[in-house]
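Coordinate inspection notes
The residues making up each chain are set out below.
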Amino acid sequence: MAIGETDVFDMEYGSATLEDIAEYDTVISQIFGSEEEGYNYYNAYARSKGFGVRKEELTRKLDTNIAFRRLYVCCKEGYQARKHFEKTKRVRPPRPLSRCGCGARMEIELRMDNGEWFVKDFLDEHNHPLAKPEQTTYIRSHRGLSDMQKADVIEYGIGGLRTHQIMEVMEKDSGGFSKVGFIPRDLYNFVAKYKKERIEGHAQSRIDYDAFGGVVIFDSTYRVNKYNLPFVPFIGVNHHRSTTVFGFGIVSAETEASFVWLLEAFLESTQQKHPRSVITDGDHAMAKAIAAVFPNTDHRLCSWHIEQNMIRHLRKQKLKDFRKFVYHIWDVDEFERCWVEFMVDYDISEKDAWIMTMYELRKKWSRAYTKGRYFLGMQSNQRSESLNSRLHKNLDRRMSLVDLLEHSDHCLSRIRKNEAELDATASLTVPFTELTADPLERSAALIYTPVMFKKVKHQIMQLSKWEVAEVTKNDASVLYTVAHKESRHVTYDVSQEMSQKVVDFLKGIIAEGGEDDGKNEAASLGPLPAYFSGSSQACPGNVRNPKIIKPKDS
């Protein structure tokens, strides 16, 4: 180096070594394709040196709002704000001080002509000791789970490992705690965030509710969590007559206010779409909440819970006679007449509080009042009970609420798996019909899902048992006498002018033979919604109408 050049060198680089100068030139000459690429480079450089990085100022152009300058600083830049020292009421002990006014920095800027980012300013002088290599794992900007590690964590969690066990496994796989790349707090934060994202509503549940939310069943009696809080699943039935889940809810207590909040939250998640009908266990607080939040929704009481109460309050013949009010398909007038006889026969009075209460609620449980209403053949919340029994498997009463909901989500995935299999069957096949089958039955096979086809077929078979026995023409109308083929004494007179009676007559045909214990859902199906259809099925004619194979002449 010539005389005089040393002075220029010292003025420009101070006491820096040739190695420092080469390193400085390397950093200054960097070109990045994006702002994030510049951050990753500086953060990797910081890790090799022993300090952390923070993102600071991001400058945008006023006219286009395009970000064109970004400043990165040492994690110890600046000082703790004064307000933290002046607090008088502290909920928790303050964090240790980490900032000491370090001036190390790197600033990058965007070239508008080619879209590349270059290093505009770089200063690598620190006023604090740098961390040792084994300590950099604990610096915030160098901690975090990679995508591969996140995938492993999810798999370990599904496999049943607790979070602290996952941490131990990953430390061992990485060769030690200093090489895993994150600390337990990072892992716990990721697991908590992942669980929260899983339980904050599912798009598929909302889609299911849009399609199948006509009837909703919920039961608030299920408590399996360490807080003993009511866990309320919202259940429905899909186009395969299988259980579908619209959501889960947890309330602090079984009060009217709690249930009002729950139902309002459910409505918010479904974009204020009210169900047409609901079936519940008869909880008084829930009934009041339904009346307040779903004023136009038809409310039915679960027949299974009524059965349990019947067994508790009634005995022998009295029990058998009362059961008729629940399941027999009477007209309303006939129900009322039989009820008066029941009251007289068993000397029922005001002291029989349960029976009197049930009479006041008769429109919510008696088939005389519920027939023809929109419940899709369902009379109880046994679908909810069935789901609850599935939840019991692998369930731990020490579970937190988040763990409980995650476990519920796992059960939900199995329900959807079964639905996917049924969808495949309905889309790729057509229910078998005999060559001599009624044309209406063969047409129904192309329209309905296999399960629904069985029920529609049953109704078609019921229709075939009736025939027009006599036609009488009057001046202004035509009177049809319709008789049952097997019981000719059972007849109906139907005229063209009696449209409402025609509707009632058709309902009666559907309900024929339905006076049982309430298990014959086909007899109480009620009006069928449009979505109970497999009309999207691809059904070539030769599936429904196979050609008869004739043997060759010998």
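Residues numbered from 1 in each chain as written. Predicted model: local features only at pLDDT ≥ 70, side-chain atom pairs only at ≥ 80, totals over all residues. Heavy atoms only, no water.

Helix and strand counts for the protein come out as 21 helices and 13 strands. Per-residue burial over the protein gives 39% buried out of 554 residues. By sequence separation, contacts in the protein at least 24 residues apart represent 59% of the contacts at least 6 residues apart. Of the roughly 32,600 Å² of accessible surface on the protein, a fraction of 52% belongs to carbon and sulfur atoms. (Helix = DSSP H or I, 4+ residues; strand = E, 2+ residues; numbered from the N terminus. Buried < 20%, exposed > 50% of the residue type's maximum accessible area, 1.4 Å probe, protein only. Contact = heavy atoms within 4.5 Å. Areas by Shrake-Rupley, 256 points an atom, 1.4 Å probe, with all protein chains shown as cover.)

Further remarks concern the packing of aromatic side chains. If you walk through the whole model with that rule in mind, you get 28 aromatic pairs. Taking 5.0 Å as the distance between ring centres and 25° as the angle between the ring planes, the aromatic pair formed by Trp339 and Tyr359 counts as stacked. With a gap of 20 residues between them, Trp339 in helix H13 (residues 332-345) and Tyr359 in helix H14 (residues 353-360) connect regions that are remote in the sequence. Accessibility classification places Trp339 together with Tyr359 in one group, the buried group. Seen from the ring of Phe68, Lys61 lies directly overhead, with NZ or CZ sitting 4.6 Å from the centre. Looking at Arg300, its charged tip hangs above the ring of Phe375, at a distance of 5.3 Å from the centre. (Phe/Tyr/Trp six-rings, centres within 6.5 Å; stacked < 30°, edge-to-face > 60°. Lys NZ or Arg CZ within 6 Å of the ring centre and 35° of its normal.)

Quick look at helix H6 (residues 163-174) now. Across its 12 residues, H6 extends 17 Å between first and last C-alpha, which sits within 8% of the 16 Å expected from 1.5 Å per residue. Along H6, the positions that sit buried rather than exposed are Thr163, Ile166, Met167 and Met170. Down the axis of H6, the buried set is contained in an arc of 100°. They therefore lie on one face. Those residues of H6 that are exposed and aimed more than 90 degrees away from the buried face are Glu168 and Lys172. Positive phi appears at Gly175, one or two residues downstream of H6, with a value of about 95°. (Expected span 1.5 Å × (residues − 1). Arc of directions from axis to C-beta.)

Pairing is antiparallel across the open sheet formed by 5 strands, whose spatial order is E1-E5-E4-E3-E2. Among the strands making up the open sheet, the edge pair consists of strand E1 (31-32) and strand E2 (53-60). Of the pairings in the sheet, the one linking E2 to strand E3 (residues 67-74) comprises 6 bridges and is antiparallel in character. The residue bridging Val53 from the neighbouring strand is Cys74, located in E3. On the sheet, helix H2 (residues 18-28) packs against strand E4 (105-110) and strand E5 (117-123) and is oriented at approximately 145° with respect to E5. Here helix H3 (residues 35-49) sits on the sheet and contacts E1, E2, E3, E4 and E5; the angle it forms with E2, its principal contact strand, is near 155°. (Pairing = 2+ DSSP bridges. Axes fitted to C-alpha atoms, helices over the stretch in contact; angles between N-to-C directions.)

So, about the sheet that holds strand E6 (residues 215-218). Strand pairing in a sheet is mediated by backbone hydrogen bonds. Such pairs are either parallel or antiparallel. Taken together, the 5 strands give an open sheet; going across it, the order is E8-E7-E6-E9-E10, and neighbouring strands pair in mixed fashion. Among the strands making up the open sheet, the edge pair consists of strand E8 (243-250) and strand E10 (298-301). On average, each strand axis in the sheet is tilted by 25° relative to the strand beside it, whichever way the strands run. Note: E6 against strand E7 (residues 231-237), 2 bridges, orientation antiparallel. Bridge pairing in E7 links Phe218 to Phe234. The strands that helix H9 (residues 256-269) touches are E6, E7 and E8; relative to E7, the one it contacts most, it runs at about 45°.

Across the interface, helix H12 (residues 316-327) lies against H13 with an axial gap of 10 Å and an inter-helix angle of 160°. The pairing of H12 with H13 is recorded here as roughly antiparallel in orientation. Between H12 and H13 the crossing geometry is left-handed. Contact with H12, carried on its side by Lys318, Asp321, Phe322 and Phe325, involves Phe335, Cys338, Trp339 and Phe342 of H13 and no other residues of that element. (Parallel < 35°, antiparallel > 145°, perpendicular 65-115°, else oblique. Left-handed = near helix turned anticlockwise from the far one by under 90°.)

Take helix H18 (residues 439-447) next. Each α-helix turn comprises 3.6 residues. Residues three or four places apart therefore point the same way. Within the span of H18, buried status applies to Glu441, Ala444 and Ala445. Down the axis of H18, the buried side of the element spans an arc of 105°, and every buried residue falls inside it. Turning to H18, the residues buried within the fold contact helix H19 (450-463). For H18, the N-terminal capping position is held by Asp438, with its side-chain oxygen 2.7 Å away from the main-chain nitrogen of Leu440. (Polar contact = N/O pair within 3.5 Å; in protein donor to acceptor, adjacent residues only side chain to side chain.)

What follows concerns the pairing of E6. Burial of the side chains of E6 extends over both faces: Val215 and Ile217 are buried on one face and Val216 and Phe218 on the other. Pairing between E6 and strand E9 (residues 277-280): 3 bridges, direction parallel. Along E9, the bridge assignment pairs Ile217 with Ile279.

Take the state of the cysteines next. Per the stated rule, a full pass over the model turns up 0 disulfides. Among the cysteines around Cys74, which has no disulfide bond, Cys102 carries the closest sulfur, lying 3.8 Å off. A disulfide-free cysteine, Cys75 has its sulfur positioned 4.5 Å from the sulfur of Cys74, the nearest such atom. Classification of Cys75 by relative accessible area gives partly exposed; the value is 24%. (Disulfide = S-S within 2.5 Å.)

Read these as spatial facts, not as claims about activity.
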